[in-house]
Each structure stands twice: as structure tokens, then as C-alpha cells.
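Each chain, written out:
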Amino acid sequence: MRNIVFILLAFLPFCSVSGQFVKGSEKHLGNSETLKKYKFIVDDEYGDSIPSVVYDHMDTPPEFPGGIGEMDKFIRENLNFPSKSWIYWKKSGLARTNVTKIRIGDCVVRKDGKAILVRTTDEVTPELQKELARVVSIMPRWKPAKLNGVEVDVIFHIDTDLLEPNLVVPYSAVPLVKENRRLVHLVDHHYSYGMDKNLADSVAEKLLSTHRAGWSDIESAVCGARLLSALGRYGDATEMLKEMLKTYHTFGFRKTPNPETGRYMLDPYFTKYCYDPVKELDAAITLAAITCMSGEKDSARVACDNALELIDMFLVEGMGEAEMSMQEIQMRADLLQEKAEIVDRESTPSIRLNSSDRHDIEHEMMLGARNREIDKRIAEGKISNARVVQITNQLDNMFKERQDKATDRNTVFLYQLKAMLIGMCDGIDEEQKYIEKLVNGDGVGNKVAERMDKWNNKISLPVCDEKDFLECVVFYAPLNDEGIKPDDARKIAGNFYDRLRQIEKVYPLKWLKK
């Protein structure tokens, strides 16, 4: 490894990097303009290729053949985005439609046109850094930068699009993701004569292979696990779901509670592109059902307990239900803006803020954060302006109205699914005892108790025997080993769908698997 001294650069019109300035390295050229020369530390195979001196500004920047558009295209076509880096991006909130273009790092563009990646940003993981360095190293020769008409070695930053904007995945993963979604849609429909076993085996193998390569998503993992279970491959099915759930949960939850709210669940505004609580719950319940089918009692107990714990978290924290329409979003933004403007421009007996208060409010650049600072002063009694208080109450009511409609329904669904899980793992008697507790208002409000009582009076448990019940929860349809359409295959499939419809009348499986 070769050690060369790294540098500190200030932001300049065309390029930037950071490190340490080497004293005594100034030179007067042309019209007495002072230029700085810098040296770099690069601890990789490109160290010998980096000039000992580069410039941090120039008259004419370097140019990729054909322009920036062609450079973006070159990176898209040649970059193989590492799956580990993609998981990190999703956990870090970078997997969003509004975060497709990023600065990947700083390059030295030599006067012979060769580009070398010398520094990356915080968003670039070690695996992605290595891949970006490879792609930059195979770029065609750039048109070099010029200073006073002379070609020079320069430091130059590169921004590019790494995510496909419609699917919001790396360009290199688009074929795999599209194939996953095609396969999921291929098998998810009604089978009058049962599902062809060869089709189930083929799709399951493809989805399992993609999963092991690191590019499955929650839908394809659940689909693959359901097919593998139908084929009797419980070990592979549970492997897919356990690994997916371990990662997927982190997209929606933090490890420690938010110090301000006490919530573990992340704000759905930041997670809606990569996390859906209903999908996680579906995967958790599917895993519990598969482990029950496998006969492994200890594993089934753990999987059921995990699914029950997830339901309890949703009962406490909600499921991010209050997603607003564009009209509601605009109305909320207008109200937040009006509220902030009133506080900014007025200093009256109804708005009694000291310099520290105003600094805290004005320091916040985001409208939502600024309004949270205003709300703190309202709570402290420093703001009593009638219009500000009215807007605050209006915003609270807008949210509660939407939240109440969704939460009322979802809360009942969650309690019904919790009862179903107890029945799956502990038996029908324990399930009925739990339902009776809810009906009697043990641990729930009167409204939920009334809804559960109404539900309990309509159902009769068990709906069917345990084996048939688990198959209906997990399978798409019975497997047709022969791939033909005999009457007995039609009868078996018909009985399966009849049982499924009866189960869906009792438990909210349609909502769960929407």
C-alpha cells in the first residue's frame, strides 16, 4: 500500500474535496493568479496512478465524452450495485423517489483523461465504494481540464442517478425486481384444478435463488415461502421469511424509542417507499403458520410469539394509517405556513417570545420542525394568539379524524388476528378464552369490546380442522401433481376455496393479504 498525504479543499466553483493543505506549494502562473497544489492519500491499487499534484480550480472543467448524460448512462450500464449496500440504503432512508441523484464522490481527472475515484461520500458503503472505483477506472478518457490554456490534473466531483425512479431500486437490480414481481403475479390467482406442481417448483426455485443473492423483497419472500411450504420444503420457507423479516422490520422501526415521543415506529412519511406494516404482519403470521405446519413446536412457539409481539406493537403505536391525500397535504402545508408567518412577524402580548425562543424557531429550516418549536411555546404559555391556537387545533383534528377512522377498523382486525394466532399455537380453547376477555373489556375500551362481542356472536370455532386451516392461511391452492384437469382435482381445489372463504368470514385475511 502506498501512502500519500490527503488534503483539505474549500468549496470552489467546479470541484471540492477535503484533506490537508500542503504549505509552500503555491505557484504564480499567467496573470499572477495564485494556484494551490495538493497531494492525496489513496490506499488502494490506484495509488500509483494519481498525480502527486492536482489543482482545485480550473478555467475549463473536465468533460466526459458526450457530456454528463452519457456519463450517467455509462455508470447505469456498468455498475453492479451490491445487495449489502442496498440494505444499508433502505435502512438509512435513501431508498426514496426523491433521493435518486447523489454525489458519489471526488475523482482525480488526469491531464491524459484518466479518471480515478479518490474519495466517496458517507452514503457510499465499502462494498459500493469498491464497485464505484471499478466503474470509474474503466471509464473512457475524459477531455482534460484546462487552466490558462494548459491541460492540468484536477479534483472533480461526480453526481449521478443510481436508482431507477419508478421502481426505486438500483438500475442493476431492475431486471431481478421486475422478474420477482412478474413471478408473484403469475402464481397469485384462482386455480380451479389446483396449482401445477411444476409451476410451483419452478417459481419457488427462482425466488429462493434471488433471495439468496440478496435481492428479494417482502412480497417475493412471502410468495416463495408459501410455494416452498406447499412443496413440503419447510426449512427453505422459514429461512426466507426469517431473514427477510429480520431486515424488513428495521425499515419501519428504530432500536430505541424516540426520546420525544417514546415511539419505536418510524414516521411513515420516511418509510412509505420501503415499509408497510401490514406486509410485515402478513409475513410474520405466514411464518408462524408454516412453523406450525412443520411440526417443530419450539420454532412454532417462537414464531407465534414474535407475531403476537408485533401485533401488540401496532396496537400501541398504530400502523401509520393517517396517510393524506394531495389536497389534505396542501391544506396542511398552507396552515403550517400561515402559523409560522404569524409568529415570525408579530410581537404582541399574545406572542411573548424572547431572543432565545425566536432563535430556536427561526433556526429550523423545515416547516414542520419550525411548527414543533412553536407548539412547545404554546404549551409553555408563551403563545396565546387566537389564530395560531385555532390553526393548531385544526391541524390536530385533521389528523385525529383520519387516524380514528383507520385505527378503529385496524384495531379490531389486529385483535381478531391475535385471537387467530393464539388458536393456531395454543388451541381453540385458549383462543375462546382470549376472545371472552376482550368481550368483557379486559384491557380494551368499550368500543373495541362492543365490536369484539358483535364479532364473537357471528362466528363458530373452529372453522375447520387444524391442518386444513393452516393450509388455507399459507397455500395459494392445493398442488396438482399431474398438471391435468381431472374431476377429483377440481373437487379438491373447490373444497380448499370453500374453506378459505369460511375462514375469511371469521378472520381479516383479505385485509392482511391485500
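Residues numbered from 1 in each chain as written. Predicted model: local features only at pLDDT ≥ 70, side-chain atom pairs only at ≥ 80, totals over all residues. Heavy atoms only, no water.

Q: Now, about the overall build of the protein: what can you tell me, with residues and values included?
A: In terms of regular secondary structure, the protein is built from 19 helices and twelve strands. Considering the protein as a whole, with its 514 residues, one finds that 47% of them fall into the buried category. Of the contacts made within the protein by residues no fewer than 6 positions apart, 70% connect residues no fewer than 24 positions apart. For the protein, the computed accessible surface area is about 26800 Å², with 49% contributed by carbon and sulfur atoms. (Helix = DSSP H or I, 4+ residues; strand = E, 2+ residues; numbered from the N terminus. Buried < 20%, exposed > 50% of the residue type's maximum accessible area, 1.4 Å probe, protein only. Contact = heavy atoms within 4.5 Å. Areas by Shrake-Rupley, 256 points an atom, 1.4 Å probe, with all protein chains shown as cover.)

Q: Tell me what's going on with the confidence of the model for the protein, and back it up with residues and numbers.
A: A residue-level look at the protein finds 82% of positions with pLDDT of 70 or above and a mean pLDDT of 82. A low-confidence stretch, residues 1–44 stays under pLDDT 50, and its non-local contacts, those more than four residues away or across chains, total 114 contacts. (pLDDT = per-residue confidence, 0-100.)

Q: If you had to explain the packing of helix α12 (residues 355–363) against helix α13 (residues 367–379) to someone new, which residues and values would you point to?
A: Relative orientation and spacing of two packed helices are given, respectively, by the angle between their axes and the distance between those axes. At a minimum axis separation of 7 Å, α12 and α13 run at an interaxial angle of 155°. The orientation of α12 with respect to α13, classified from their angle, is roughly antiparallel. Judged by residue contacts, D357, D360, I361 and E362 of α12 engage R370, E373, I374 and R377 from α13. Considering only residue class, the contact of α12 with α13 consists of two nonpolar, no polar and six charged. (Axes fitted to C-alpha atoms, helices over the stretch in contact; angles between N-to-C directions. Parallel < 35°, antiparallel > 145°, perpendicular 65-115°, else oblique. Nonpolar A, V, L, I, M, F, W, Y, C, P; charged D, E, K, R; others polar.)

Q: I'd like to hear about the packing of aromatic side chains, residue by residue, with values.
A: For the coordinates displayed, the defined rule picks out 13 aromatic pairs. Ring centres of F64 and F74 lie 6.0 Å apart, and the angle between their planes is 55°; this geometry places the pair in the tilted category. Taken together, the residues F64 in the loop between β3 (54–55) and α1 (68–78) and F74 in helix α1 connect sequence positions ten residues apart. Residues W142 and F156 carry aromatic rings whose centres are separated by 6.0 Å and whose planes lie at 75° to one another, so their mutual orientation is edge-to-face. Of this pair, W142 sits in the loop between α3 (126–137) and β6 (145–147) while F156 is found in strand β8 (residues 154–161), placing the two residues 14 residues apart along the sequence. Residue class for F156 comes out buried when judged on its relative accessible area of 11%. Members of the aromatic cluster, connected to one another through ring pairs, are Y248, F251, F253, Y275 and F314. Here the basic side chain of R76 rests over the ring of Y171, its NZ or CZ set 5.3 Å away from the ring centre. The side chain of R226 reaches across the aromatic face of Y476, ending 3.9 Å from its centre. (Phe/Tyr/Trp six-rings, centres within 6.5 Å; stacked < 30°, edge-to-face > 60°. Lys NZ or Arg CZ within 6 Å of the ring centre and 35° of its normal.)

Q: Could you give an account of the environment of N354, with specific residues and numbers?
A: Mapped onto the elements, N354 comes out in the loop between α11 (326–345) and α12. Sequence-wise, N354 and K382 are 28 residues apart; in three dimensions their C-alpha atoms are separated by 9.3 Å. One polar contact links the side chain of N354 to the main-chain amide nitrogen of D357, over a distance of 2.7 Å. (Polar contact = N/O pair within 3.5 Å; in protein donor to acceptor, adjacent residues only side chain to side chain.)

Q: Please give an account of the pattern of salt bridges that cites residues and values.
A: Taken as a whole and assessed by the stated rule, the structure comprises 27 salt bridges. In this structure, the salt-bridge partner of R134 is E131, at a minimum N-O distance of 2.6 Å. Within this pair, R134 and its partner E131 are both found in helix α3, separated by three residues, close to a single helical turn. We classify E131 as buried; its relative accessible area is 12%. The network of salt bridges with common partners includes D357, D360, E373, K376, R377, E380 and K382. (Salt bridge = Lys/Arg side-chain N within 4 Å of Asp/Glu carboxyl O.)

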